[in-house]
Amino acid sequence: MAKKVGKTQKIQTVSLADLTGGMNVSSSPEFIEDNECVRLENFEFDIEGNKLRTRRGLGSPLFTFDSPISHVYNDYALNTFFVFLKNKNIYRYEFGKTPVFIGVLNGTSDRPICCKFGGNLLIASGSKLQKYDYQSLKEISTSPDADIVFVRAGRVVVTKSGQDLLVYSAIGNDEDWHENSNDASARKDVNVGYKDDGDILGVTSLATDLIVFKSNGYIYDVQNEPEDWNIIQIGDNSDFLSLHACTNINTDAVFLSNYGLRSVATSQSYANFEKKDIGEKCNPSIKSRVDKPFLSELKRTKQLLVSGYSGNEVWCYHYALKAFSKWVFPWPITAICENRYHVLVAMNKGNTGGLYELSWDNTTDDGLKIPQYIESKELRDTHEMNVYRTYIDIQAEHEGDGVIRINSVEMPYHWTSDEQQKEMKSQIRAPRLRFYFKTDDPIIFKFISFDVVMERESMVSQGSSSSRPSGGLSGARSKKNGNHDNFLQGVGKHGNTPYG
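Keep in mind that what you see is a predicted model, and the values were worked out from it rather than measured.

(A) Up close: the packing of aromatic side chains. Enumeration according to the criterion identifies 18 aromatic pairs in this entry. Their ring planes at 65° and their centres at 5.6 Å tell us that Tyr91 and Phe101 sit as a pair that is edge-to-face. Residue Tyr91 is located in strand 10 (residues 89-93), and its partner Phe101 is located in strand 11 (residues 100-104); the two are separated by 10 residues in the primary sequence. Under the relative-accessibility criterion, Phe101 is labelled partly exposed at 44%. Taken together, a centroid distance of 5.9 Å and an interplanar angle of 40° make the contact between Phe437 and Phe445 tilted. A relative accessible area of 2% means that Phe437 is categorised as buried. Here the aromatic residues Phe63, Phe65, Tyr91 and Phe101 are joined through ring pairs into a cluster of three or more. One Lys or Arg, Arg39, reaches over the ring of Tyr373 and ends 4.0 Å from the middle of that ring. We note Arg56 situated over the ring of Trp360; from NZ or CZ to the ring centre the distance is 5.4 Å.

Listed below in structure tokens is the structure:
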């Protein structure tokens, strides 16, 4: 029979260094991986070397409009942005220049969908297509009503939420929507999910396929082009939200649902596609509000930005690392758009809309500092642990301040441009430990380490020689009490238990 003879101590170092696992709010804090954390706010992983650093700031507005911004679209070929306002006005914007008014949106959608065809911009907002030839904006009166538009194999393809049809224009002509069964190049229609009691809600293009999401939860793969279509149901129960809640990353279709961030990924197991919950680490928080969602990919930094309600919180999914961080802005964000050189962000304040650049050169958001937080996993033990030493190392260009917190005990941390490392002593005892770091100043985070003394029971066999000490403290206790093991003393008397 084993018995206690005392306690031993060992030192464990808890290190917040490799946080490339990102945020994890789906598991209990004590069970997440060592490279994950409970909170990672206003940080991002630099694509060069995966450095964890303060996210890019917005700086001062490039331009302020007299109405909130609802959408921004980038014309990649001409390096030009198009800004759509809530009051339906449309502006063309070239970086560094004054926006130019080009016309008014004709549909009811606040957030239109755009594409380029034949050098022209096509806009779908729930009514007839609009066409901008970089001289004037006009309506294509022959087109179907549409709130989704894209280009496939030399044709313009449209659909409207609530319908079953994908409508293909005549080859090479975005204004020819006349049907002619004897002409293979004329308009063609295809019904996706015939009589399945669902309507098209969203479409995203992959290299050779169209992924179509319907209101009944079905997902279809539309293969080939007119009139060699092959339509296969590849999923159900998608719980898809809206036409602005889907995009593609490489060969996967990514979408936002009431369950969180999901994907339809290429696979060999089921019709060459399988459905995955790619946002499982943060879906409990992402899905908490998804009434006005949008997704935006920043290809150069390999980030997918996820907004559930067009508010001031944006989830940043670093898909090369499969890691999340959360970005929090001072005011609601309604659009994020990247071109070859710049990332523009629409941030609205009341009845005005501001156009900002997301850039490493900006260290504030509209003049406000960017608060950053790291909250570690939880360390638990059956005995009290003692944090006696903390060491921090960051990289910063300028002097700044931060706070290290262990449970409720805060330790201020000041650095200069020359001295950015610091060692701190403490005596913080608790059976549960959570470690925090926060700052408002721009940094590259290297690591924080905490040296923790942990106690362990020393157990020996009752028959061993060590159970009969000849002297010292244990021997004195034995002579006084007549029993080496006081743990069971008093058991059975007046209902006592060994745990008091």
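On we go from here.
(B) Highlighting the environment of Lys128. For Lys128, the position within the fold is in the loop between strand 13 (120-124) and strand 14 (130-132). In the structure, Lys128 is positioned 16 residues away from Pro144 in sequence and 6.0 Å away in space, judged by C-alpha atoms. Polar contacts involving the side chain of Lys128 include one to the main-chain carbonyl oxygen of Ser143, which spans 3.0 Å.

(C) Spotlight on the pattern of salt bridges. Inspection of every chain in the model, using the stated rule, returns 34 salt bridges. Two residues, Lys138 and Glu175, come together in a salt bridge whose shortest N-O distance is 2.9 Å. Remark: Glu175 occurs in the loop between strand 18 (165-168) and strand 19 (188-191) and Lys138 occurs in strand 15 (residues 137-139); sequence separation between them is 37 residues. Of the residues examined, Lys138 reaches a relative accessible area of 40% and is grouped as partly exposed. Judged by its relative accessible area of 29%, Glu175 is partly exposed. With a shortest N-O distance of 3.7 Å, Glu227 and Lys188 are connected by a salt bridge. Pair noted here: Glu227 is in the loop between strand 22 (219-223) and strand 23 (230-235) and Lys188 is in strand 19, with a separation of 39 residues, a long-range link. A network of salt bridges, in which partner residues are shared, links Glu30, Glu375, Glu378, Arg380 and Arg434.

Conventions adopted
Residues numbered from 1 in each chain as written. Predicted model: local features only at pLDDT ≥ 70, side-chain atom pairs only at ≥ 80, totals over all residues. Heavy atoms only, no water. Phe/Tyr/Trp six-rings, centres within 6.5 Å; stacked < 30°, edge-to-face > 60°. Helix = DSSP H or I, 4+ residues; strand = E, 2+ residues; numbered from the N terminus. Buried < 20%, exposed > 50% of the residue type's maximum accessible area, 1.4 Å probe, protein only. Lys NZ or Arg CZ within 6 Å of the ring centre and 35° of its normal. Polar contact = N/O pair within 3.5 Å; in protein donor to acceptor, adjacent residues only side chain to side chain. Salt bridge = Lys/Arg side-chain N within 4 Å of Asp/Glu carboxyl O.

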